[in-house]
Amino acid sequence: MDHMIEVKNLSFEYDEGLHTIDNISFNIDKGNYVAILGHNGSGKSTIAKLLIGLLEKKSGDIIVNGYELNMENLYKVRESIGIVFQNPDNQFIGATVRDDIAFGLENMCIPHEQMDDLISTYAKKVHMEDFLNHEPTKLSGGQKQRVAIAGILAMSPSIIILDEATSMLDPIGRREINTLVRELKKEKDMTIISITHDIEEAKYADQIILLNKGKIVKTDRAKDILSDIDLLSQLKLDIPFALKITNGLKEKGISIKNTLDNKDLEQQLCQLRSKM
Ligand SMILES: Nc1ncnc2c1ncn2[C@@H]1O[C@H](COP(=O)(O)OP(=O)(O)O)[C@@H](O)[C@H]1O
Ligand SMILES: [Mg+2]
């Protein structure tokens, strides 16, 4: 199997005895879109930091793109991963938005002309082209997240980790950026790990890794995990919007089919109405 990421029996603790990440194993195939879903504090960001070697595991193995993550391969592993952190303030170092998007590209030794093209192309894609000469610190949280995402996308890494990377955007902006990421993923055959507690975002994943208190509760197709209302409630996660409605109507005795898809919901509601 062509695994892009292999994690075997990984454990980590910030303080002795805490079991922050507790013996987890999972594989991610090349070109897949995987969501790591879990309540706050379940260990999602810690996994992201372990995957890029920002934190040192206690035990277990991490293999990225065929390279075992150790001191010797650290640079090779980091080369293939682009990460957008949860807090965009940790990602900004430049005097202007342009500098920030350029930062990763400069490390890749891309010629200047090509770099300018990439910067304006990706700034446009995230609708920040009018802010290229602005100071990053003066942007809103959502705007900072857009810039951070542009910077990573411009580098076209084989793997992208998005740690709650659109959490500060409004729902429409969030949908826009997530659609953009999915389009680029397809175009460039990238592997995406989306870390989130947003169920509507997780819906688009090929696979969901469901995390709770540092342990994997379940790994399955998005469809199967997100239609398990009992499991989601148990883990204090939200229920997908469409399912909430169809399930609520069913409980009221109305004949409707459970769905995760908002368009399908709309159609079913329309049909119900025409029968009234
Ligand atoms: N730097 C740190 N030092 C000590 N404990 C931490 C640190 N960062 C996170 N934790 C703890 O580790 C657990 C997992 O945190 P985190 O990976 O950030 O979860 P998530 O991203 O799922 O919200 C939480 O209980 C959190 O309080
Ligand atoms: Mg987190």
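Position labels on residues start from 1 in each chain and follow its written sequence. Chain letters start at A and ligand numbers start at 1, both assigned in the order the entries are written. In keeping with the model being predicted, local features are shown solely for residues with a pLDDT of at least 70 and side-chain atom pairs are shown and tallied solely at 80 or more, while totals for entire chains, interfaces and linings include all residues. Computation of side-chain values covers all heavy atoms of the structure but excludes hydrogens and water.

Caption draft 1: Summary view of the site of ligand 1. Any residue with a heavy atom positioned within 4 Å of a molecule or strand is treated as near that molecule or strand. Taken together, Tyr-14, Thr-20, His-39, Asn-40, Gly-41, Ser-42, Gly-43, Lys-44, Ser-45 and Thr-46 form the complete shell of residues around ligand 1. At a separation of 3.5 Å, a nitrogen atom of ligand 1 approaches a polar side-chain atom of Tyr-14. When ligand 1 is considered free in solution it has 560 Å² of accessible area, and contact with the protein chains removes 57% of it. Throughout this description, a polar contact denotes any pair of N or O atoms lying within 3.5 Å of each other; where both atoms belong to protein, one of them has to be capable of donating a hydrogen while the other can accept it, and for residues adjacent in sequence the pair is counted only when both atoms sit in side chains. For accessible areas, the Shrake-Rupley method is used with a probe of radius 1.4 Å. Any residue's cover is judged against the shown protein chains and nothing else.

Caption draft 2: How the structure looks around the coordination of the magnesium ion (ligand 2). Coordination shells were defined by N, O and S atoms within 2.8 Å of each metal, extended to 3.2 Å for Na, K and Ca; water is absent from the atom set, which can make sites look incomplete. Taken together, the protein donors to the magnesium ion (ligand 2) comprise Ser-45 (OG) and Gln-86 (OE1), at separations of 2.1 to 2.4 Å. Highlighted residues: Ser-45 in helix H1 (residues 44-51) and Gln-86 in the loop between strand S6 (81-84) and helix H3 (97-107), separated in sequence by 41 residues. By the criteria applied, helices consist of DSSP H or I runs no shorter than four residues and strands consist of E runs no shorter than two, each listed in order from the N terminus.

Caption draft 3: View of the sheet that holds strand S8 (residues 191-196). Two strands pair under a simple rule: DSSP has to find at least two bridges between them. The sheet built from 6 strands is open, its strands ordered S6-S7-S8-S3-S9-S10 with mixed pairing. Each end of this open sheet is capped by a strand with a single partner; those strands are S6 and strand S10 (215-221). Across the sheet, the mean angle separating the axes of adjacent strands is 15° when strand polarity is ignored. Here strand S3 (residues 33-38) runs beside strand S9 (residues 207-212); their pairing, made up of 5 bridges, is parallel. Looking at the pairing, Ala-35 lines up with Ile-208 of S9. Any two residues whose heavy atoms approach within 4.5 Å at even a single point are treated as in contact. Orientation is described by lines fitted to C-alpha atoms, with helices fitted over the stretch in contact, and by angles between N-to-C directions that extend from 0 to 180 degrees. Against the sheet, helix H5 (residues 141-155) makes contact with S6 and strand S7 (159-163), and its axis sits at roughly 175° relative to S6, the strand it touches most.

Treat this as a map of the structure, not an account of what it does.
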